[in-house]
Amino acid sequence: MVINGKHGVNKHFNIPIAYFENGVLPNTTTMDFCGINALNSLPREATFYQNLPQTEAKITHKIVGRKYKNKKQLKTKFKLPKKYLLVPFQKDRDSQILDNSAWIKSMRQLFAVLVAALEASGRDDLHIVFREHPSAKTKYSDLYQQAAKHPRLCFDQQSDLTEIIANAEAVVTINSTVGLESLLLNTKVIILGDAFYNVSPLVLSASSTSDLTNKINALSHFSIDQNLLQQFIGYLEREYVIPGDWKKLDEQHFDSIRQRFFNYLTQLHSGYKATA
């Protein structure tokens, strides 16, 4: 068993690995035998989800943003621009950036790419709202200074996460969980890295600054495939996640994990017998 860690010894001795991580949906736990984040077992093909039995479940997940540590809260509420892209920062040294981001390797580079794409887009009405990662220790005083000098850039750690996502024209992310949370709130997403929710036509994706410029200009003509979204989230709920937060364990949580182990090992054993 691996909890978001290394697995070289397990593979060497052909020992199955179970990966555990914070759930991809609110109040859930991820348990995957392939990996986590972009390395998980979720199919990326839209047809997989479209061919599943239709679900009538409503998407009602509540998005709760983590609190910022050592951040001075302003007494007056931050006023969001009328039209903006929300860009959540991630941790530069996180595996999501080191392993799952081919062309953007730091938040400073992300900042520069977004500014360049915005200015090349010709969208004079559009702003960019950057949001730091709640637990990142990197200081971005230089980027704050640059944003303060630009009429259409700002940082916002104060606004409620649900509000700032829901009111955005789109969320531009490398591969943050905020991207999936944006889909839960029916907000358009542009992905710049490798993400498990990069399933077209749920989202747009860009692999260069010029590509990002084109995707920004395409936003007004893009709409989320609502049926695909329903099928995708339904599959996550019914088949993929373990219900409940691993920090608040109960018997149902343990039962779900035991059943997941049993199903996997049964399938694995059947595979061994078939090839024997």
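Treat the numbers as computed from the prediction; the structure is a model and nothing was measured.

*Asks:* What is the right way to look at the sheet that holds strand 1 (residues 19–22) in this model?
*Replies:* The pairing of strands in a sheet comes from backbone hydrogen bonds and takes either a parallel or an antiparallel form. Strands sit in the order 1-2-9 across an open sheet of three strands; the sheet is antiparallel. Only two strands of the sheet have a single partner each, and these edge strands are strand 1 and strand 9 (242–243). Note that strand 1 and strand 2 (residues 28–32) share four bridges and pair antiparallel. Bridging across to strand 2, Phe-20 finds its partner in Met-31.

*Asks:* Please explain the pairing of strand 4 (residues 127–131) as it appears in this structure.
*Replies:* Two faces, one strand: in a regular strand the side chains alternate between the faces of the sheet. Most of strand 4 is tucked away: four of the five residues are buried. Of the pairings in the sheet, the one linking strand 3 (residues 84–88) to strand 4 comprises five bridges and is parallel in character. By the bridge assignment for strand 4, Pro-88 is matched with Arg-131. By the bridge criterion, three bridges tie strand 4 to strand 5 (residues 153–155) in an arrangement that is parallel. Bridged to Val-129 within strand 5 is Cys-154. For the handedness criterion, the β-α-β arrangement of strand 4, helix 5 (residues 141–149) and strand 5 is classed as right-handed.

*Asks:* I tried to follow the environment of Val-129 on my own but got confused; where do I start?
*Replies:* Within the secondary structure, Val-129 sits in strand 4. On the accessibility criterion, Val-129 (0% relative accessible area) is buried. With 18 residues separating them along the chain, Val-129 and Ala-147 place their C-alpha atoms 9.5 Å apart. Ignoring any residue separated from it by four or fewer positions in sequence, one finds Val-129 in contact with Leu-80, Pro-81, Tyr-84, Leu-85, Leu-86, Val-87, Cys-154, Asp-156 and Ile-164.

*Asks:* How should I be thinking about the confidence of the model for the protein chain in this particular structure?
*Replies:* Detailed reading of the predicted model is not advised wherever pLDDT is low. Taken residue by residue, the protein chain gives an average pLDDT of 90. The fraction at 70 or more is 87%. Note on residues 1–5: pLDDT under 50 across the span, and 13 contacts to partners over four residues away in sequence or across chains.

*Asks:* What is the right way to look at the environment of Tyr-144 in this model?
*Replies:* Structurally, Tyr-144 can be placed in helix 5. Taking the C-alpha atoms as reference, Tyr-144 lies 7.5 Å from Cys-154; in sequence the two are ten residues apart. In this structure Tyr-144 touches Glu-132, Phe-155 and Gln-157, once residues within four positions along its chain are discounted.

*Asks:* Explanation requested: the side chain of Lys-215 in the structure shown.
*Replies:* Among the structural elements, Lys-215 can be located in helix 8 (residues 209–218). Excluding residues that lie within four positions of it along the chain, Lys-215 makes contacts with Ile-190, Leu-204, Ser-205 and Ala-206.

Here is what the cut-offs are and how they apply
- Residues numbered from 1 in each chain as written.
- Predicted model: local features only at pLDDT ≥ 70, side-chain atom pairs only at ≥ 80, totals over all residues.
- Heavy atoms only, no water.
- Pairing = 2+ DSSP bridges.
- Helix = DSSP H or I, 4+ residues; strand = E, 2+ residues; numbered from the N terminus.
- Buried < 20%, exposed > 50% of the residue type's maximum accessible area, 1.4 Å probe, protein only.
- Right-handed = clockwise from strand over helix to strand, strands pointing away.
- Contact = heavy atoms within 4.5 Å.
- pLDDT = per-residue confidence, 0-100.

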